[in-house]
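Each chain, letter by letter, is given below.
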Amino acid sequence: MQEIAAHIYSHWQKEELNERLKKVDLTLVDMDDCIYPGTTNLTLLRNLSLILLQQDRYKIFFRLMTYLPVLLLMKCLQLLDLGVDNCRLILFFSRMVSNIPLSYLQTAVQPIPSNSFPGAKETLTILSRKSKIGLISLGLSIVLEEYKKQFRDGGIPLIDFYDGTQVNRLKSIDKSKRVRGRIEEFKAKMPLVIGHNRDDLGMIKVVKEQGGLVFGFNPSREVAKQCDIIVRAKDWRPLAGYLQPLLGDERKNE
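Cut-offs and rules
- Residues numbered from 1 in each chain as written.
- Predicted model: local features only at pLDDT ≥ 70, side-chain atom pairs only at ≥ 80, totals over all residues.
- Heavy atoms only, no water.
- Axes fitted to C-alpha atoms, helices over the stretch in contact; angles between N-to-C directions.
- Helix = DSSP H or I, 4+ residues; strand = E, 2+ residues; numbered from the N terminus.
- Left-handed = near helix turned anticlockwise from the far one by under 90°.
- Contact = heavy atoms within 4.5 Å.
- Nonpolar A, V, L, I, M, F, W, Y, C, P; charged D, E, K, R; others polar.
- Pairing = 2+ DSSP bridges.
- Buried < 20%, exposed > 50% of the residue type's maximum accessible area, 1.4 Å probe, protein only.
- Arc of directions from axis to C-beta.

Draft legend 1. Seen up close, the packing of helix α9 (residues 175–186) against helix α10 (residues 201–209). Running from amino to carboxyl end, α9 crosses α10 at an angle of 35°, the nearest separation of the two axes being 7 Å. Remark: the crossing between α9 and α10 carries right-handed chirality. Along the contact surface, α9 presents K175, S176, V179, R180 and I183, while α10 presents G202, M203, V206, V207 and E209. Residue composition of the contact of α9 with α10, by class: 5 nonpolar, 2 polar and 3 charged.

Draft legend 2. How the structure looks around the sheet that holds strand β9 (residues 213–217). The mixed open sheet is built from 8 strands, whose spatial order is β1-β2-β10-β9-β8-β3-β4-β7. Bordering the open sheet on either side are β1 (2–5) and β7 (161–165), each of which pairs with just one other strand. Taking the axes of each pair of neighbouring strands and ignoring which way they run, one obtains an average angle of 20° across the sheet. Bridge count between strand β4 (residues 132–140) and β7: 4 bridges; the pairing is parallel. Each bridged residue has a counterpart across the sheet, and for I136 the counterpart in β7 is D163. Where helix α5 (residues 86–96) meets the sheet, it contacts β4 and β7, and its direction lies at approximately 75° from that of β4.

Draft legend 3. Here's a closer look at the environment of I133. Considering the arrangement of structural elements, one finds I133 in strand β4. Its relative accessible area of 0% is what places I133 among the buried residues. In the structure, I133 is positioned 108 residues away from D25 in sequence and 8.8 Å away in space, judged by C-alpha atoms.

Draft legend 4. Representation of helix α3 (residues 58–65). Inspection of α3 places I60, F61 and L64 among the buried residues, and these make up the whole buried set. The buried residues of α3 occupy one face: seen down the axis, they fall within an arc of 100°. The exposed set on the far side of α3, more than 90 degrees from its buried face, consists of K59 and F62. Lining the buried residues of α3 we find α2 (40–54), α4 (68–79), α5 and α6 (102–109).

Purely geometric numbers; function is a separate question.
Structure, rendered in structure tokens:
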């Protein structure tokens, strides 16, 4: 790959890449370590714990903490590559918070979108003027719903839809199946997926089958091999800067 702009790399010639970007009509984005710097579930757990302690809901707090050793053990097993993947982690976490009153969960997720990577909202704003925007994540739907509420261009929501894991579900989402369904739903001719790790490979495969584009934000080596564009930066601002003169004057299709 060659560097086509600061922190941005592609195997396409810049002119040909730009023509393809102008045709993007559906953008599908991962959440954890992609839009958000870290794992939203851990942030949600921290916020929730503080809320419960501040409101003297000690019984609920200690019941929640009884799950923590198992969660930490599962994370250690994942790091050692001993059969625990992100799907199993998110399903355990969703059951872990399933008995928490909804009002506490809603309060705990509210600060999360504002702590996203700098430039993420700006990039989605630019892309939303030409394409539909969707979040496809193993993370909890309650977090994705909060992004839909808060990420707006003026009064217009940037995010048209999301697919995530519901609290207390027995099965996490199949990203490739959801992506295929969304492409069919919106009759997308040039879908774009933005991801970074092996959990996104299913999405990437479907989008490439459809002749779409793949963005990798600080991608793993496995994902980097599949990317049309790679952004290697501490945040999304280089990508926003690249897309603004190209798509900034576009208007979202009705």
